[in-house]
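# Secondary and tertiary structure notes
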Amino acid sequence: MIGKIAGRIDYKSTDHLLVDVRGVGYLVYCSERTLASLPGAGETVALFTDLLVREDVLQLFGFATLAEKEWHRLLTSVQGVGAKASLAILGTLGPDGVSRAIALGDWNAVKAAKGVGPKIAQRVVLDLKDKAPGIMAMSGGLAAATGDVPAEVIEPTMVQTASAAPVTASSQADALSALANLGYAPGDAAGAVAQAAGENPDAQTPALIRAALKLLAPKN
């Protein structure tokens, strides 16, 4: 299994790129969002990867973070969702957006992805709703793991590149953990945190907790 590659970009297309790793070219398929975030031809890149093996094809899919890769793994476990649909969903919503949509049961957000119909979108939300809290709780650590480029894989003289972990992912994970410690059910806590984060994307952990608690408070 090829879990990660690092090399120089030979070219980028609309749905894939060719990465040269010491003279071996790897064709890697990515979501539109991930491709847009990558540098241009001639620049260095590192991607976490997932290898699809079938009788008639071998395809390598690339992800900027482990969180994105984990969501791809879960999305493709849903009946009727292949790699193409998964990349479309991730390209439209991003990993954090997928977490929020599933935690809130918002299948319309999933349906916004190209080629994803209402039945598939509803199935994604129903099948993964119980798994969303776990990914949200893990996302703080997963988001910190990015595809940094080891210089020795390219050339000794090249400078490493890195991307910072999203603050929101860590904040949401911490808020979810705090609510779980207070005794709230994982599904309810995930939905409240997702809604709070959607209303205030830059909120830090304390603000997210306060907002989520207000949403979870009994309504008179």
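Residues numbered from 1 in each chain as written. Predicted model: local features only at pLDDT ≥ 70, side-chain atom pairs only at ≥ 80, totals over all residues. Heavy atoms only, no water.

## Remarks on the environment of Gln195
Mapping Gln195 onto the fold places it in helix 9 (residues 186–199). A relative accessible area of 33% places Gln195 in the partly exposed class. Placed 94 residues apart in sequence, Gln195 and Ala101 show a C-alpha to C-alpha distance of 9.2 Å. Residues in contact with Gln195, not counting those within four places in the same chain, are Leu104 and Leu215. (Helix = DSSP H or I, 4+ residues; strand = E, 2+ residues; numbered from the N terminus. Buried < 20%, exposed > 50% of the residue type's maximum accessible area, 1.4 Å probe, protein only. Contact = heavy atoms within 4.5 Å.)

## Focus: helix 2 (residues 66–75)
Where burial is concerned, most of helix 2 is hidden: seven out of the ten residues are buried. Residues of helix 2 that are buried include every one of Ala67, Glu68, Glu70, Trp71, His72, Leu74 and Leu75, and no others.

## Re unusual backbone geometry
We note that Arg22 has phi near 50°; this positive angle belongs to a residue other than glycine. Note on placement: Arg22 falls in the loop between strand 2 (16–21) and strand 3 (24–29). For Arg22, a relative accessible area of 64% translates into the label exposed.

## Observations regarding the packing of aromatic side chains
Tallied over the entire structure, the rule returns one aromatic pair. Seen in terms of ring centroids, Tyr29 and Phe61 are 6.1 Å apart; in terms of plane orientation they differ by 50°. Their pairing is tilted. Of the two residues, Tyr29 is situated in strand 3 and Phe61 in strand 5 (residues 58–63); the sequence distance between them amounts to 32 residues. By relative accessible area, Phe61 is classed as buried at 5%. (Phe/Tyr/Trp six-rings, centres within 6.5 Å; stacked < 30°, edge-to-face > 60°.)

## Looking at helix 3 (residues 83–103)
With 21 residues, helix 3 should reach 30 Å at 1.5 Å per residue; the first-to-last C-alpha distance of 22 Å falls well below that figure. The largest bend along helix 3 reaches roughly 95° and is located at Gly94, with the proline Pro95 sitting one to four residues downstream. Burial within helix 3 is extensive, with 16 of its 21 residues counted as buried. Backbone geometry just after helix 3 places Gly105 at a positive phi near 70°. (Expected span 1.5 Å × (residues − 1). Bend = angle between axes of the 7 residues up to and from the residue.)

## Description of the environment of Ala64
Tracing the sequence through the fold places Ala64 in the loop between strand 5 and helix 2. The sequence separation of Ala64 and Thr49 amounts to 15 residues, and the corresponding C-alpha distance is 8.9 Å.

## Observations regarding the side chain of Thr34
Among the secondary structure elements, Thr34 is positioned in helix 1 (residues 32–37). Classification of Thr34 as buried rests on a relative accessible area of 3%. If near-sequence neighbours (up to four positions away) are discounted, Thr34 is found in contact with Leu47, Gly62, Ala64 and Glu68.

## Quick notes on the packing of helix 2 against helix 3
Where helix 2 meets helix 3, the axes come as close as 9 Å, and the angle between the chain directions of the two elements is 115°. As judged from the angle between their axes, helix 2 and helix 3 are roughly perpendicular. Seen from above, helix 2 lies across helix 3 with right-handed handedness. Taken together, the residues of helix 3 that come into contact with helix 2 (itself represented by Ala67, Glu68, Trp71, His72 and Leu75) are Ala83, Ser86, Leu87, Ile89, Leu90, Pro95, Val98, Ser99 and Ile102. Of the residues assigned to the contact of helix 2 with helix 3, the class counts are ten nonpolar, three polar and one charged. (Axes fitted to C-alpha atoms, helices over the stretch in contact; angles between N-to-C directions. Parallel < 35°, antiparallel > 145°, perpendicular 65-115°, else oblique. Left-handed = near helix turned anticlockwise from the far one by under 90°. Nonpolar A, V, L, I, M, F, W, Y, C, P; charged D, E, K, R; others polar.)

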